[in-house]
Amino acid sequence: MKKLHWCAGIILGFSIIAALLITSFEIAMYSDFDVYQREYEKYDVLSDLDMTMDDVMYVTHEMMDYLRGEGDTLSVITTVEGREQDFFNEQDRFHMEEVRGLFIGGLNIRLGACVIGLICIAFLIITHADVKKVIPRGYWIALGITGAAVLLIGTASVTDFNAVFVQFHHIFFDNDLWIFDPAEDYMIRMLPEGLFYDMVIRIGAIFVASLVALLILTLIPKFIGRKRN
């Protein structure tokens, strides 16, 4: 039974980490839309698009709402290059529909991770496991494996983000419609690669901070126990 307890503890640890990862994406991308305005100013996208900041932010809000599952079609009429037109073209819509699938899939993964985590906790309690020992240590093991992966991906991203960015698209998309021509496509002008790099750093910082915060919480009982002894 002890082996099952340890397995449940480790699975619980990975479930928590998976939920934190998806939540980090959501916080980074949806908690503060001012970050997009700062990024647009940083990369001077207004000049590339010949648009006002209000119009670009309007497009951004509509696009991000669409990615979360709101609306059936990504179509935003706004003023671009002095003409009122749809900001997105057919290639944009096709690719963003696939991206939306990833977003919603991520939210479903978080829900599934939470359910699995609750099942593990219930199992540990019902079978009278030493939860004060099993749960923290299960998290530490899961954190060690996750930390190695984060370090590897983080190092690769800092060293050559473009290569990681391209490889990501090869893994998650079975076509080349994610490759856009800035001369023809407004969306890629609004979303330069540097913006994606900055967003990955933002997501990573939130994710790592949440992992460290939870690690500290799991260490507090052990620290208090030592102080009492």
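(A) Up close: the overall build of the protein chain. A count of helices and strands for the protein chain gives nine helices and two strands. When the helices and strands of the protein chain are read in sequence order from the N terminus, they spell out α-α-α-α-β-β-α-α-α-α-α. On the principal axes, the C-alpha backbone points of the protein chain span a range of 75 × 35 × 30 Å. Within the protein chain, the proportion of its 229 residues that are buried is 35%. Sequence separation of at least 24 residues holds for 77% of the intrachain contacts in the protein chain that already meet a minimum separation of 6. Of the roughly 13400 Å² that the protein chain leaves accessible, carbon and sulfur atoms contribute 64%. Both charge centroids of the protein chain, one from 18 positive and one from 30 negative side chains, sit 26 Å from each other.

(B) Broad picture of the pairing of strand 1 (residues 77-80). Here strand 1 shows a buried face lined by Thr78 and Val80 and an unburied face lined by Ile77 and Thr79. Inspection of the sheet shows strand 1 paired to strand 2 (residues 83-86) by four bridges, in the antiparallel sense. Across the sheet, isoleucine 77 pairs through a bridge with aspartate 86, a residue of strand 2.

(C) Representation of the nonpolar core in the model. Tyr36, Tyr40, Phe87 and Met190 are the most contacted members of the largest nonpolar core, which totals 35 residues. Those elements that place two or more of their residues in this core are helix 1 (2-30), helix 2 (34-42), helix 3 (45-49), helix 4 (53-67), helix 5 (90-126), helix 8 (186-190) and helix 9 (193-228). Here this core takes eight residues from helix 4, the largest share from any one element. Not counting chain neighbours up to four residues away, the residues in contact with tyrosine 40 comprise Val45, Met53, Val56, Met57, Thr60, Met190, Leu191 and Leu195.

(D) Layout of helix 2. Inspection of helix 2 places Val35, Tyr36, Glu39 and Tyr40 among the buried residues, and these make up the whole buried set. Projected down its long axis, helix 2 shows its buried positions confined to an angular sector of 140°, all on one face. Of the residues one or two after helix 2, aspartate 44 is the one with positive phi, at around 50°.

(E) Spotlight on the packing of aromatic side chains. Counted under the stated rule, the structure contains nine aromatic pairs. Considering the side-chain rings of phenylalanine 33 and tyrosine 36, the 5.4 Å spacing of their centres and the 40° angle between planes classify their relative orientation as tilted. The interplanar angle of 45° and the centroid separation of 5.2 Å between the aromatic rings of phenylalanine 165 and phenylalanine 196 together place this pair among those described as tilted. Of this pair, phenylalanine 165 sits in helix 7 (residues 161-172) while phenylalanine 196 sits in helix 9, and the two are 31 residues apart along the sequence. Using a relative accessible area of 18% as the deciding quantity, one classes phenylalanine 165 as buried. Ring pairing ties together the aromatic residues Phe161, Phe165, Phe196 and Tyr197, which thus form one cluster. A cation over a ring is seen here: arginine 68 above tyrosine 30, with NZ or CZ 4.2 Å from the ring centre. The aromatic ring of tyrosine 66 is capped on one face by arginine 100, whose charged end is 4.3 Å from the ring centroid.

(F) View of the environment of glycine 138. Of note, glycine 138 is situated in helix 6 (residues 131-159). Through-space distance from the C-alpha of glycine 138 to that of aspartate 160 is 33 Å; in sequence the pair is 22 residues apart. In this view, glycine 138 contacts Gly9, Ile10 and Gly13; residues no more than four positions away in its chain are not counted.

(G) Spotlight on a nonpolar patch on the surface. A cluster of nonpolar side chains, Val150, Val208, Val212, Ile216, Leu217 and Ile220, forms an exposed patch at the surface whose accessible area comes to about 460 Å². Looking at the nonpolar patch element by element, the count peaks at five residues for helix 9. Looking at the element boundaries, isoleucine 220 is found in helix 9. We classify isoleucine 220 as partly exposed; its relative accessible area is 38%.

Cut-offs and rules
- Throughout, a residue's number is its position along its own chain's written sequence, starting from 1.
- Local features in this predicted model are restricted to residues of pLDDT 70 or higher, and side-chain atom pairs are both shown and tallied only at a pLDDT of 80 or more, whereas totals for entire chains, interfaces and linings draw on every residue.
- For the side-chain quantities, the full set of heavy atoms in the structure was used; hydrogens and water were omitted.
- A helix here means a DSSP run of H or I that spans at least four residues, while a strand means a run of E at least two residues long, and both kinds are numbered starting from the N terminus.
- Relative accessibility decides the category of a residue: with a 1.4 Å probe and only protein chains considered, values under 20% of the type maximum give buried, values over 50% give exposed, and everything between is partly exposed.
- Whether two residues touch is decided by their heavy atoms; if any such pair falls within 4.5 Å, the residues are in contact.
- Only the protein chains shown count as covering a residue, and every accessible area follows the Shrake-Rupley method with a 1.4 Å probe.
- The convention is simple: Lys and Arg are positive, Asp and Glu are negative, and His and the chain ends are not counted.
- Each charge is placed at NZ for Lys, CZ for Arg, CG for Asp and CD for Glu.
- Strands were regarded as paired on the criterion that DSSP finds at least two bridges between them.
- Residues belong to one nonpolar core when they are buried, are Ala, Val, Leu, Ile, Met, Phe, Trp, Tyr or Cys, and are joined through side-chain atoms within 4.5 Å.
- Here, the arc refers to the directions that run from the helix axis to the C-beta atoms.
- Two rings belonging to Phe, Tyr or Trp (six-membered ring only in the last case) form a pair when the distance between their centres is within 6.5 Å. Interplanar angles under 30 degrees mark stacking, angles over 60 mark edge-to-face geometry, and anything in between is tilted.
- For a ring to carry a charge above it, either NZ of a lysine or CZ of an arginine must fall within 6 Å of the ring centroid while also lying within 35 degrees of the normal to the ring plane.
- Surface patches are defined over residues having more than 30% relative accessible area and no salt bridge, joining like charges when they lie within 9 Å and nonpolar side chains (Val, Leu, Ile, Met, Phe, Trp, Tyr) when within 5 Å.
- Here, a salt bridge means any Lys or Arg side-chain nitrogen found within 4 Å of an Asp or Glu carboxyl oxygen.

Honestly, it's all geometry; don't read function into it.
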